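Now for the letters of each chain:
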Amino acid sequence: MWASLAVTASKLVVVAGSVLTSVAVMEWVERRGAAFIQDRLGPNRVGPLGLFQPIVDAVKLLFKEDITPSSVNKGLYYLAPAISVFVALVTFIVIPFGAGKDVQVFGVPLGGLIVAPDLGVGILYLLALSSLGVYGIVIAGWSSNNKYSLLGGLRSSAQLISYELSMTLAVLGVLLATGSLRLDDVVAYQATHLWNVIPQFIGFVVFTTAVFAETNRLPFDLAEAETELVAGYHVEYSSMKFAAFLMSEYINMTTASALIVTLFFGGWTFPGMQHFSGWWLLIASVGAFLVKLAFFLWLFVWVRWSLPRFRYDQLMRLGWKGLLPLATLNLVWVGAAMAMRWI
Amino acid sequence: MTVPTGHFVILAALLFAVGAAGVLLRRSGISILLGIELMLNAANLALVAFGRQHGQLDAQVFVFFVMAVAASEVAVGLALLVAIFRKNQSIDVDRLNVLRW
Amino acid sequence: MVTAAFYLAAVVGLASAVVAVSHRNPVINVLSLVVTLFCVAVNYALLGAEFLAAAQILVYAGAILVLFLFVVMLLNAPEEQPAAEPRPFQRAAGLALVTVAALGGIVLITGLRGSLPAEGPQGTAQAIGRLLAGPYLFAFEFISLLLLTAMVGALMLVKRKH
């Protein structure tokens, strides 16, 4: 009992630690990547290649004056960033990030590198909790008592509801092929079959587009839209509360990339896996997972600095008239292909 | 499981009562809809508790259906509220008196 | 452990339910109802209905109440003013209903003293899915028709006439 509890707790610490570290790393990657794409140098003063820039930024944000505007609804104003970070952090526990079924630590089986392997509802839990993320943004927008914030909050709630549909439908195709809600089983299925991205390419495209909208990143960052809404829902936030929104955006990016990898790119599996076992398999699989994850995180940065923002009506049209029919088509295709025993 | 079935039922009854009081006492259309949601949830909770008592899953399927009905009810209800607001500039149900004479 | 979780969820859920129907600010109403629904989801999980618990959060907290919040903000509904004329009938009816429900609860608890069975059928996604696609297939299909009707109805209601 205590031993398995300790194993779960240490997995939790590892996951939370890595996800929070990814925020710092991604901040550096984003700034250097933007500079690279725009043919500039980017931050290069603090440490080699500017690698310590995130630390400096964090210190700066921590010591900035924490301003609470007098006209805000105090309780909700403080609650909003907390909700955002909380929701972003708790979703990662159902994502398997490495092999390790046959590994024991001090005689206790590790049970695979996933914090909650016994959660039967798996992906449903992730979808349910990530759908709560919209509250952080909407509450921030409303409690700030600022028209730009309110507009940002309204836009984002409409956007998140619209794109959640296509995202869930795209996930449904994968679940149909796997026959299980557990992401562990999704990975195991892809270890013996083709990676889902090949038979379900439409689903992959729809899912990736939808998660870009769900994470409020360009080209879908209508909730922030700094050129028209100043900074959208977090105009009135400063110091660490502002940093909390920034953190939740990067954590959501990491979770979204991990989800793309797990659902469509085989998770931690890699070709030639059968030659490894035990600890070696564990290390190699985590490495494979991280490589795939890094690619999709880079894709987020790449897209952000390459594409312009959508107009609001274009965003809605793309969501309802483009992605939703495509996602349905994908579902029909998967069902038909399974009935014909093609996949 | 050491919680008596009765405690789940009591919780459901209290939630239902609170929801019903909200529907009867409030005048804002939004709050009335919220009260209805609360009542539906209370009924759902009682259904699941009784289903557990009798070792059957059918109750959970019913709850699933109730959720779907609640979703459609909210969609239509909120659309009505928006239409009313456009006409009256208010969602106070006491001011909905155009059919009174 | 289970007992503590139940009573915690019950107390928090009831308190936020009271706030949800009594507070004058519609945004606070909606947000406290989110807390209540979350507590109901916890109760579902305690009763072995894990699929329902996830569906409850996904459907209610993630979609229905976001829609509520959206409409509240869209209408920018002002806080409810005290009634112009007193309405003793509604108040009396409301209080009577609360009393009746509370009494009914007490009657029920005296009748249902037995504990819930420790082992019961687990409401996993597979189990619920088998029931939905088996004995309840017709109702399941009909629900989709209902949702479609509601969607068309809602669209017609809010459509601006040109």
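Residues numbered from 1 in each chain as written. Chains lettered and ligands numbered in written order. Predicted model: local features only at pLDDT ≥ 70, side-chain atom pairs only at ≥ 80, totals over all residues. Heavy atoms only, no water.

1. Remarks on the interface of chain C and chain B
Here is step 1: Taken residue by residue, the interface counts 81 residues in chain C and 68 residues in chain B.
Here is step 2: For the pair chain C and chain B, the summed buried area comes to about 7100 Å², and 75% of that belongs to carbon and sulfur atoms.
Here is step 3: Linking chain C with chain B are 0 salt bridges, by the criterion used here.
Here is step 4: Here chain C is connected to chain B by 7 residue pairs in polar contact (both at pLDDT 80 or more).
Here is step 5: Secondary-structure elements contributing two or more residues to the side of chain C that touches chain B are helix H1 (2-22), helix H2 (26-46), helix H3 (50-75), helix H4 (88-111), helix H5 (125-133) and helix H6 (137-158) of chain C.
Here is step 6: When residues in the side of chain C that touches chain B are grouped by element, the largest group, 12 residues, is from H3(C). (Contact = heavy atoms within 4.5 Å. Buried area = accessible area lost by both parts, 1.4 Å probe. Salt bridge = Lys/Arg side-chain N within 4 Å of Asp/Glu carboxyl O. Polar contact = N/O pair within 3.5 Å; in protein donor to acceptor, adjacent residues only side chain to side chain. Helix = DSSP H or I, 4+ residues; strand = E, 2+ residues; numbered from the N terminus.)

2. A short note on the nonpolar core
Here is step 1: Among the nonpolar cores identified, the biggest contains 166 residues, and A:Tyr135, A:Phe207, A:Leu263, C:Tyr44, C:Leu65 and C:Phe68 are the most heavily contacted of them.
Here is step 2: Among the elements that make up this core, the one with the highest residue count is H3(C) (18 residues).
Here is step 3: Lining this core are residues from two domains, each supplying at least three of them: domain 1 (1-79) and domain 2 (124-162) of chain C.
Here is step 4: Apart from residues lying up to four places away in sequence, C:Tyr44 is in contact with B:Asn41, B:Asn44, B:Leu45, B:Val48, B:Val63, B:Met67, C:Ala49, C:Leu52, C:Ala53 and C:Gln56. (Core = buried A, V, L, I, M, F, W, Y, C linked by side-chain atoms within 4.5 Å. Buried < 20%, exposed > 50% of the residue type's maximum accessible area, 1.4 Å probe, protein only. Domains from an automatic or database assignment.)

3. Observations regarding the side chain of A:Ser144
Residues and elements named next belong to chain A.
Here is step 1: As for its position among the elements, Ser144 is in the loop between helix H5 (133-143) and helix H6 (147-178).
Here is step 2: From its side chain, Ser144 meets the backbone oxygen of Ala140 in a polar contact 2.7 Å long.
Here is step 3: Dropping the residues within four chain positions of it, Ser144 is found in contact with Val72, Tyr77, Ser149, Tyr233, Glu236 and Tyr237.

4. As for the interface of chain A and chain C
Here is step 1: At the interface, 22 residues of chain A touch 23 residues of chain C.
Here is step 2: The largest contributions to the chain A side of the interface with chain C come from A:Tyr135, A:Trp142 and A:Leu154, which together make up 28% of the buried area.
Here is step 3: Taken together, the connections running from chain A to chain C amount to 0 salt bridges.
Here is step 4: Our enumeration of links across chain A and chain C arrives at 1 residue pair in polar contact (both at pLDDT 80 or more).

5. Remarks on the domain arrangement of chain C
Here is step 1: Each domain of chain C was delimited in the assignment, giving domain 1 (1-79) and domain 2 (124-162).
Here is step 2: Distance from the C-alpha centre of domain 1 of chain C to the C-alpha centre of domain 2 of chain C: 23 Å.

6. A few points about the side chain of A:Glu214
All names here are of chain A.
Here is step 1: Position of Glu214 relative to the elements: it lies in helix H8 (residues 201-214).
Here is step 2: Glu214 gets classed as buried once you look at its relative accessible area, which sits at 15%.
Here is step 3: Polar contacts involving the side chain of Glu214 include one to the main-chain amide nitrogen of Glu164, which spans 3.2 Å.
Here is step 4: In this view, Glu214 contacts Leu160, Tyr163, Glu164 and Met167; residues no more than four positions away in its chain are not counted.

7. Examining unusual backbone geometry
All names here are of chain A.
Here is step 1: In this structure, Asp39 takes a positive phi of about 60 degrees despite not being glycine.
Here is step 2: Counting through the fold element by element, Asp39 comes out in the loop between helix H1 (2-37) and helix H2 (53-63).
Here is step 3: The phi angle at Leu49 is positive, at roughly 60 degrees, despite the residue not being glycine.
Here is step 4: Inspection of the secondary structure assignment puts Leu49 in the loop between H1 and H2.
Here is step 5: Accessibility expressed as a relative area gives 53% for Leu49, which makes it exposed.

8. Some words on the confidence of the model for chain C
Here is step 1: In the predicted model, chain C carries a mean pLDDT of 80, and the fraction of residues at 70 or more is 80%.
Here is step 2: The secondary-structure element of chain C with the lowest mean pLDDT is H4(C), recorded at 69, while H6(C) shows the highest, at 90. (pLDDT = per-residue confidence, 0-100.)

9. Thoughts on the pattern of salt bridges
All names here are of chain A.
Here is step 1: Evaluation of the coordinates by the stated rule reveals 6 salt bridges over all chains.
Here is step 2: Of the charged contacts in the structure, one is a salt bridge between Arg31 and Asp57, with a shortest N-O distance of 2.9 Å. A residue pair is termed long-range when its members are at least 10 positions apart, and Arg31 in helix H1 and Asp57 in helix H2 qualify at 26 residues.
Here is step 3: Here Asp66 and Lys241 are joined by a salt bridge, their closest N and O atoms 2.9 Å apart. With Asp66 in the loop between H2 and helix H3 (74-90) and Lys241 in helix H10 (residues 239-264), this pair connects stretches of sequence that are 175 residues apart.
Here is step 4: Among the charged side chains, a salt-bridge network with shared partners connects Glu27, Arg31 and Asp57.

10. With respect to a nonpolar patch on the surface
All names here are of chain A.
Here is step 1: A surface patch of nonpolar side chains, about 890 Å² in accessible area, is lined by Leu49, Leu51, Phe52, Ile55, Val56, Val59, Leu62, Phe63 and Met240.
Here is step 2: It is H2 that contributes the most residues to the nonpolar patch, 5 residues altogether.
Here is step 3: Tracing the chain through its elements places Leu51 in the loop between H1 and H2. (Patch = residues over 30% accessible without salt bridge, like charges linked within 9 Å, V, L, I, M, F, W, Y side chains within 5 Å. Areas by Shrake-Rupley, 256 points an atom, 1.4 Å probe, with all protein chains shown as cover.)

11. Points about the packing of helix H3 (residues 58-88) of chain B against H6(C)
Here is step 1: Their axes nearest at 9 Å, the elements H3(B) and H6(C) cross at an angle of 10 degrees. In terms of their interaxial angle, H3(B) and H6(C) are classed as roughly parallel. Contact residues: H3(B) offers B:Phe64, B:Phe65, B:Ala68, B:Val69, B:Ser72, B:Ala75, B:Val76, B:Ala79, B:Leu80, B:Val82, B:Ala83 and B:Arg86, while H6(C) offers C:Ala139, C:Phe140, C:Ile143, C:Leu146, C:Leu147, C:Ala150, C:Ala154, C:Leu157 and C:Val158.
Here is step 2: Residue classes in the contact of H3(B) with H6(C) are distributed as 19 nonpolar, 1 polar and 1 charged. (Axes fitted to C-alpha atoms, helices over the stretch in contact; angles between N-to-C directions. Parallel < 35°, antiparallel > 145°, perpendicular 65-115°, else oblique. Nonpolar A, V, L, I, M, F, W, Y, C, P; charged D, E, K, R; others polar.)

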